[in-house]
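Residue-level structural notes
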Amino acid sequence: MFIHTLQVVVPTPAHSSVAGPLSYQHDQALAPGTLVRVPLGQREVLGLVWDAAPAADPAPTAALRPVHSVLDGLAPLGPHWRALVAFTARYYQRSLGEVALAALPPQLRELSAEQLARRLRRVSSAPDAPANATQTIALSAEQERATAQIDAQKGPFLLFGSTGSGKTEVYLHCAARALAADPAAQVLVLVPEINLTPQLQERFGARFAPQYGAQAVVSLHSGMTNPQRLAAWLAVHSGRARIVLGTRMAIFASLPALALIVVDEEHDASYKQQEGARYSARDLALWRGRAEGAKVILGSATPSLESWHASSPEVGRYQRLDMPSRIGSAQGAGQLARLRLVDMAQQPRGAVFAPPLLAAITARVQRGEQCLVLLNRRGFAPVLHCHACGWKSDCPACSAHQVFHKSDRSLRCHHCGAAQRVPHACPACGNLDIAPVGRGTEQLEEQLAQLLRNVITPAGRAARVARIDADSTRAQGALQAQLAQVHAGEVDVLVGTQMVAKGHDFRRITLVAAVQPDSALFTSDFRAPERLFALLLQAAGRAGRDAAYLATQGHAPEMWVQTWHPEHPLFAALRRHDWPAFAAQQLAERRAAAMPPFAYQALVRADARTQEAAQAFLQGAAEAARTAQLPGLEQVFIYPPVPLAVQRVAHVERAQMLVESAERPALQRFLAAWQPLLHAERARHKGLQRWLVDVDPQGI
Ligand code: ADP
Ligand code: ZN
Ligand code: ZN
């Protein structure tokens, strides 16, 4: 019998010494990309046959362990997919095995060859709907111009379109063009939130199912069960699914005929993975598009400053397409929300809602319109406080307060999850009078219900207030049910966190209010103003989306902002819905301070029992880099280690060290050379629990 040596990628822990593929033997040569089951230590694991190393393999020896089984029946993962995985591992400084296996649906890891064969039979026997003509909408002039440019040019494109300007319609059009041009072509559409995929699925399904069958549109996101995910993944990998809608993880879908990638709300922070390989799905989409010759459309009303800069005439790496007008604005309706800035210094002391805002909400509810009230903090109050002795509801495990949740009378830490019942008296002095300080969405909901209790809607019923946040939507299906209530008009005022500010197409909301956005104006994170502006503009975009409805109501949608700093330049730009002006001002500051996008960053994070131990590791790593004179070092600046903003979580002390360079290749060269030194340094610090590198970090 002839023996072949195969290179197989196996699931390796992030920082194991095994970085590359392992050698196994098998009686047949297997194509790269083939899935196999192989022994690893005492276990049997899923592995992926990898391209043989360029150097000649040593002669097969009896010492090599054999491949246990081959998941044949599944076409090998293609060279494009393997290149994407290899790039991700390299760029984000993780092991190939970790990235490759994490990019596959979890259930694949558990299935035997026979079980998988059964799944495949089930997938391929599913019937397809008959082909029908698809109905399309006549595009607006701005949409026409944008789609014509996308058709004619190479991209990548930054579709800069106001909320409600019809960006989704552009995606649909371009997807239709791509599918029609090639009977195998596939389209990948990324969205930031799981809860936005059902809406989008409906829209894409309605457009494409008649022509391509109900199976042609699939979703891929972490809210699906493992069997659902596997079925969808197989449909995509086999080429039967033509359109994939998904969250960031879908960037790793195996799409054999990828023709178009859309990244909707490209500025959204959720495109950055925050565990394992900390990849940016947006950035990988651009890489993937280039590598596979697929067009890439990034869409946003508030693009990331990185993308905005890349699409500037000065840089010109992306093509910017403008769609400034809302659909319907030609008819005088469909306008963008008017900003109403409330100076809180002029309001009665302690007022949660300024009287004019409350009056405006009341008037809208009385006319049967809906309002959206935003507060980016869940729970009833961020802290409980004893006025007698100064006790605060601190989390014993974290450098943070435990949040007071009134609905279940609990104190909960939003960092480590520790929860306990609210004490009846101050645990320190026994004082019975412990009071909540500050407010969260739960309290807003309660106060609004109280304030609006006598307000009657045109339907003749009392005003209803509802809340949507991570707490109210914990149960499976709860969010969909709550959104359905809003859409059905059963809710008059919706209180929520940023969760409800994005993407939703609420038809009857005409007023949006941000009651307490100030904290984001003055944090140490240099991206905070950018995020706040984007959030407020997105939120404003929830108001007045239905031009016909607005016309019948006969007045403009409004965005109210309560602030102690009405003179802040951010609000002046927000008043004009002027993202370009705001972006120009922010970019000037970033350029002056040599911050992204004018610099490239990586963070090294360390977790340890003590802050000293965490920082000692980082310090040691920096010194090792300098001692070794690593390549790229002369173009890289290593900052001193500092504690994280929330320094301690679940009894773990956390520190970080920023590494920065004006040149991305220099930073990449440096990080690659540094990796083995970081491993070696780790062995020298017994107290260290964990370390990681975050390339292009989103939060500093
Ligand atoms: P965006 O994604 O930019 O927020 P959408 O694509 O969701 O905007 O469009 C906003 C609304 O306008 C939707 O209800 C959509 O159906 C409608 N719409 C979009 N394009 C057109 C068009 N060309 N003609 C009529 N209605 C349109
Ligand atoms: Zn006390
Ligand atoms: Zn905690």
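Preceding this paragraph is the structure being described.
This one's a predicted model, so the numbers in the text were calculated from it and none came from an experiment.

It is worth spelling out the overall build of the chain at this point. Looking only at helices and strands, the chain has 18 helices and 28 strands in total. Computed over C-alpha atoms, the radius of gyration of the chain comes to 27 Å, within 12% of the 27 Å expected from 2.2 N^0.38 for 700 residues, which places it in the range of a compact globule. Seen through its principal axes, the chain has C-alpha atoms that stretch 85 × 70 × 50 Å. Relative to its full complement of 700 residues, the chain shows a buried share of 55%. A separation of at least 24 residues holds for 75% of the contacts in the chain among residues at least 6 apart in sequence. For the chain, the exposed area adds up to about 29500 Å²; of that, 55% sits on carbon and sulfur atoms.

A few words now on the coordination of the zinc ion (ligand 3). Taken together, the protein donors to the zinc ion (ligand 3) comprise C395 (SG), C398 (SG), C413 (SG) and C416 (SG), at separations of 2.3 Å. Angles of 107 to 112° at the metal separate the 4 donor atoms of the zinc ion (ligand 3), which places the site in the tetrahedral class. The sequence pattern describing where the donors of the zinc ion (ligand 3) fall on their chain is C-x2-C-x14-C-x2-C.

With that settled, the discussion passes to the site of ligand 1. Ligand 1 sits among 18 residues. The nearest are A138, Q143, G164, K167 and T168. When the free accessible area of ligand 1 is taken as 550 Å², the share hidden by the protein chains comes to 79%. Per element, the largest residue contribution to the shell around ligand 1 is 3 residues, and it comes from helix 5 (residues 167-181). Looking at the shell around ligand 1, its residues break down into 4 nonpolar, 8 polar and 6 charged. Three or more residues apiece are contributed to the shell around ligand 1 by two domains, here domain 2 (141-323) and domain 3 (332-378 + 440-591).

Rules and cut-offs
Residues numbered from 1 in each chain as written. Chains lettered and ligands numbered in written order. Predicted model: local features only at pLDDT ≥ 70, side-chain atom pairs only at ≥ 80, totals over all residues. Heavy atoms only, no water. Helix = DSSP H or I, 4+ residues; strand = E, 2+ residues; numbered from the N terminus. Rg over C-alpha atoms; globule rule 2.2 N^0.38 Å. Buried < 20%, exposed > 50% of the residue type's maximum accessible area, 1.4 Å probe, protein only. Contact = heavy atoms within 4.5 Å. Areas by Shrake-Rupley, 256 points an atom, 1.4 Å probe, with all protein chains shown as cover. Donors = N, O, S within 2.8 Å, 3.2 Å for Na, K, Ca; no water. Tetrahedral: all angles 85-135°; square planar, octahedral: opposite > 155°, others 65-115°. Near = heavy atom within 4 Å. Nonpolar A, V, L, I, M, F, W, Y, C, P; charged D, E, K, R; others polar. Domains from an automatic or database assignment.

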